[in-house]
Amino acid sequence: MEFRDLKQQYKVLKDDIDKNIAKVISDASFISGIYVEELENQLAEYVGVKHCISCANGTDAISICLMALEIGPGDAVFVPDFTFFSTAECPAAAGAVPFFVDVKEDTFNIDPIALERTIRKVVRETDYKPKAVIAVDLFGQPAEYEYIRRICNQYNMYLIEDGAQGFGGSIISDCNVIKRACSFGDISTTSFFPAKPLGCYGDGGAIFTDDDEIADLIRSLSVHGKSTESKYDNIRIGMNSRLDTIQAAVLLVKYKAFREYELEDVNNVAMWYTNELKDTGIETPYVNKGYYSAWAQYTIKTPCSKDRELLQKYLKEQGIPTMIYYNKALRNQKAFENILEIQIENSVTESLCGRVLSLPIHPYMSRSDVKMVSDLIKCRIG
Ligand SMILES: *Cc1c(COP(=O)(O)O)cnc(C)c1O
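About the thresholds
Throughout, residues of each chain are indexed from 1 in the direction in which the sequence is written. Side-chain atom pairs in this predicted model are given and counted only at pLDDT of 80 or more, local residue features only at pLDDT of at least 70, and totals for whole chains, interfaces and linings cover all residues. In computing side-chain properties, one takes all heavy atoms of the structure into account and sets aside hydrogens as well as water. Helix and strand assignments follow DSSP, with helices taken as H or I runs no shorter than four residues and strands as E runs no shorter than two, numbered in order from the N terminus. Under the scheme applied here, a residue whose accessible area is under 20% of the maximum for its type counts as buried, over 50% as exposed, and between as partly exposed, the area being computed with a 1.4 Å probe on protein chains only. Counting rule applied: Lys, Arg positive; Asp, Glu negative; His and chain ends not counted. Throughout this description, the term salt bridge denotes a Lys or Arg side-chain nitrogen within 4 Å of a carboxyl oxygen of Asp or Glu. Whenever two N or O atoms come within 3.5 Å, that pair is a polar contact, provided that in protein one can donate a hydrogen and the other can accept it, and provided that, for residues adjacent in sequence, both atoms are side-chain atoms. Any two residues whose heavy atoms approach within 4.5 Å at even a single point are treated as in contact. Under the pairing criterion, centres of Phe, Tyr and Trp rings, with the six-membered ring standing for Trp, must be within 6.5 Å; the plane angle then separates stacked pairs below 30 degrees from edge-to-face pairs above 60, leaving the rest tilted. By definition here, charges over rings are those cases where NZ of Lys or CZ of Arg is within 6 Å of the ring centre and within 35 degrees of the ring normal. Strands were regarded as paired on the criterion that DSSP finds at least two bridges between them. Axes here mean lines fitted to C-alpha atoms, for a helix over just the part in contact, with angles spanning 0 to 180 degrees between N-to-C directions. Side-chain atoms within 4.5 Å are what join buried Ala, Val, Leu, Ile, Met, Phe, Trp, Tyr and Cys residues into a set we call a nonpolar core. Proximity criterion: a residue is near a molecule or strand once any of its heavy atoms comes within 4 Å of it. To measure how exposed things are, a 1.4 Å probe is used in the Shrake-Rupley method; for residues, cover is taken only from the protein chains shown. Lining residues are defined by having an atom within 4 Å of a point belonging to a cavity or pocket. Those points lie on a 1 Å grid over the protein atoms alone, cavities being sets where a 1.4 Å probe fits but cannot get out and pockets being open sets with protein on both sides within 12 Å along at least five of seven lines. For a molecule to be placed in a cavity or pocket, more than half of its atoms must lie within 2 Å of the grid points of that cavity or pocket. When residues are sorted by character, Ala, Val, Leu, Ile, Met, Phe, Trp, Tyr, Cys and Pro go into the nonpolar class, Asp, Glu, Lys and Arg into the charged class, and all the rest, Gly among them, into the polar class.

1. Digging into the side chain of aspartate 102
Item 1. Structurally, aspartate 102 can be placed in the loop between strand 3 (97-101) and helix 5 (112-125).
Item 2. Buried charge aspartate 102 goes without a salt bridge, the closest partner of opposite sign being arginine 117 at 5.2 Å.
Item 3. Within the local environment of aspartate 102, its side chain forms a polar contact with the backbone nitrogen of serine 347, the two atoms lying 3.1 Å apart.
Item 4. A polar atom in the side chain of aspartate 102 sits 3.0 Å from the backbone nitrogen of valine 348.
Item 5. Apart from residues no more than four positions distant in its own chain, aspartate 102 is found in contact with Ile110, Asp111, Ala114, Asn346, Ser347, Val348 and Thr349.

2. Quick notes on the packing of aromatic side chains
What characterises a pair of aromatic rings is the spacing of the ring centres plus the angle enclosed by the ring planes.
Item 1. This model, assessed by the stated rule, comprises 20 aromatic pairs.
Item 2. Judged by centre distance (5.6 Å) and plane angle (80°), the ring pair of tyrosine 46 and tyrosine 255 falls under edge-to-face. Of this pair, tyrosine 46 sits in helix 2 (residues 34-47) while tyrosine 255 sits in helix 8 (residues 245-276), placing them 209 residues apart in sequence. Here tyrosine 46 matches tyrosine 255 in class, with each residue buried.
Item 3. Each member of the aromatic cluster is reached from another via a ring pair, and the members are Phe3, Phe82, Phe108, Phe139, Tyr325 and Tyr326.
Item 4. For the cation-ring pair, arginine 180 lies above tyrosine 46, with the distance from its terminal atom to the ring centre recorded as 4.1 Å.
Item 5. In this structure, lysine 196 packs its charged tip against the face of phenylalanine 84, placed 5.7 Å from the ring centre.

3. Considering the sheet that holds strand 8 (residues 187-191)
Item 1. Read across the open sheet, the 7 strands follow the order 1-9-8-5-4-2-3; overall the sheet is mixed. Unpaired on one side and paired on the other, strand 1 (51-55) and strand 3 mark the two borders of the sheet. On average, each strand axis in the sheet is inclined to that of its neighbour by 25°, with strand direction left out of account.
Item 2. The pairing of strand 2 (residues 75-80) with strand 3 spans 5 bridges and is parallel. Note that in strand 3 the partner of alanine 76 across the bridge is valine 97.
Item 3. On top of the sheet, helix 5 reaches strand 2, strand 3 and strand 4 (129-136); it is set at about 140° to strand 3, its chief contact.

4. Here we look at the nonpolar core
Item 1. Membership of the largest hydrophobic core comes to 51 residues, with the highest contact counts inside it found for Phe78, Leu115, Val133 and Ile148.
Item 2. Sort the elements by how many residues they give to this core and helix 3 (residues 58-68) lands first, with 6 residues.
Item 3. Those residues in contact with isoleucine 148 that lie beyond four places of it in its chain are Ile110, Pro112, Leu115, Val133, Ala135, Ala143 and Leu159.
Item 4. Among the nonpolar cores identified, the runner-up in size contains 26 residues, and Leu39, Tyr46, Phe258 and Ala294 belong to it.

5. Considering the sheet that holds strand 7 (residues 178-180)
Item 1. The strand order across the open sheet built from 3 strands is 7-6-10, with neighbouring strands paired in antiparallel fashion. The open sheet has two edge strands with one neighbour each: strand 7 and strand 10 (291-292).
Item 2. Relative to strand 7, strand 6 (residues 170-172) runs antiparallel, the two sharing 3 bridges. Note on strand 7: the bridge partner recorded for isoleucine 171 is lysine 179.

6. Considering the environment of leucine 315
Item 1. You can see leucine 315 is positioned in helix 9 (residues 305-317).
Item 2. Given a relative accessible area of 0%, leucine 315 falls into the buried group.
Item 3. Spatially, the C-alpha atoms of leucine 315 and leucine 277 are 15 Å apart, while their sequence positions differ by 38 residues.
Item 4. Residue contacts for leucine 315: discarding those within four places in its chain leaves Ile320, Thr322, Leu357, Leu359, Leu376 and Ile377.

7. Considering the site of the ligand
Item 1. Taken together, 14 residues lie near the ligand, and Gly58, Thr59, Asp162, Ser191 and Lys196 sit nearest.
Item 2. One of the side-chain nitrogen or oxygen atoms of glutamine 165 is found 2.8 Å away from an oxygen atom of the ligand.
Item 3. Between the ligand and the protein, one listed contact pairs an oxygen atom with a side-chain N or O atom of serine 191 at 2.7 Å.
Item 4. Contact with the protein chains removes 92% of the 380 Å² of surface that the ligand exposes when unbound.
Item 5. With respect to the detected pockets, the ligand is housed in the largest pocket.
Item 6. Looking at the shell around the ligand, the elements that each hand over two or more residues are helix 3 and helix 4 (86-93).
Item 7. By residue class, the composition of the shell around the ligand is 3 nonpolar, 9 polar and 2 charged.

And the structure:
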């Protein structure tokens, strides 16, 4: 069994993908061009924002955001303690200080109450200026943006959405309007790394915003700080971060399948797991009311870390791959050991790191595969 079965997906989409790739090569149009433009237009429309600017990967996407918002030395950027490294790596690389916020036990996402507590502590105990929150749509579920937005407004901070795992997720508002992931930040980002909900065949990423000026700035920053007139008129320091045309060509095919059935299918797989694993002593992932997940991961919690170790070993023996996302709080990564400015105890993150286990999930997983994995888990835990 595959953890995320990209081979199966390729079998289904092969004809269209091969055709698109061949076209890019025969046109010898490898950088920019119509596929990139078409993809950006389609994704902006789907997400419901004015601008989508593609780039080389999800990490660059966050870095470009921070450059556009002029976040750097002296600034405090609040990030969840339980996420992939990039979320905190980018602000640190920009010279700002990431402050690590505890997450919620049930959704794995940044805890708004802990966020307020951490902001107040930073204001009280340091000279850093609270500048931005980077909220993450962890494992596919959007963070609690209404609440987080209120906090950002109160402290006059930017809200950045790291939607690397969240593309396709959404929140239904009180008046029944669907707001999609990558539309919640002042600027939002995503990644097309192959294993993400919408993945390409290499590295890729995108940035989303409703702000015309910021969009222009991002287009400039991602191509060597070019002016709107010419690539060779460089008016600011930027970087070289473009989405390859071949990747855009692949993504156009994959996005169509994603939108037409994959997103719905992966939600069914998650539902089957949740039903199968009911009342087993295993905690299944919780999705907030009115929220829709893109299911980048299906992550269960075992009662303790010993249980997890035994379960993972047992499943491996049975040919079932599992992953631990994440087994270390970000603030405990060696890379950050010299930049921790305040004492914080993120007890929820600590506990999760010892108990989480992500199971195989992807849109092409069959009901019988879900049953098989679930039965093995039940037989081990029960
Ligand atoms: C994957 C990921 C990124 C980085 O994306 P890349 O395309 O691999 O650079 C950033 N944030 C989160 C939460 C991720 O999962």
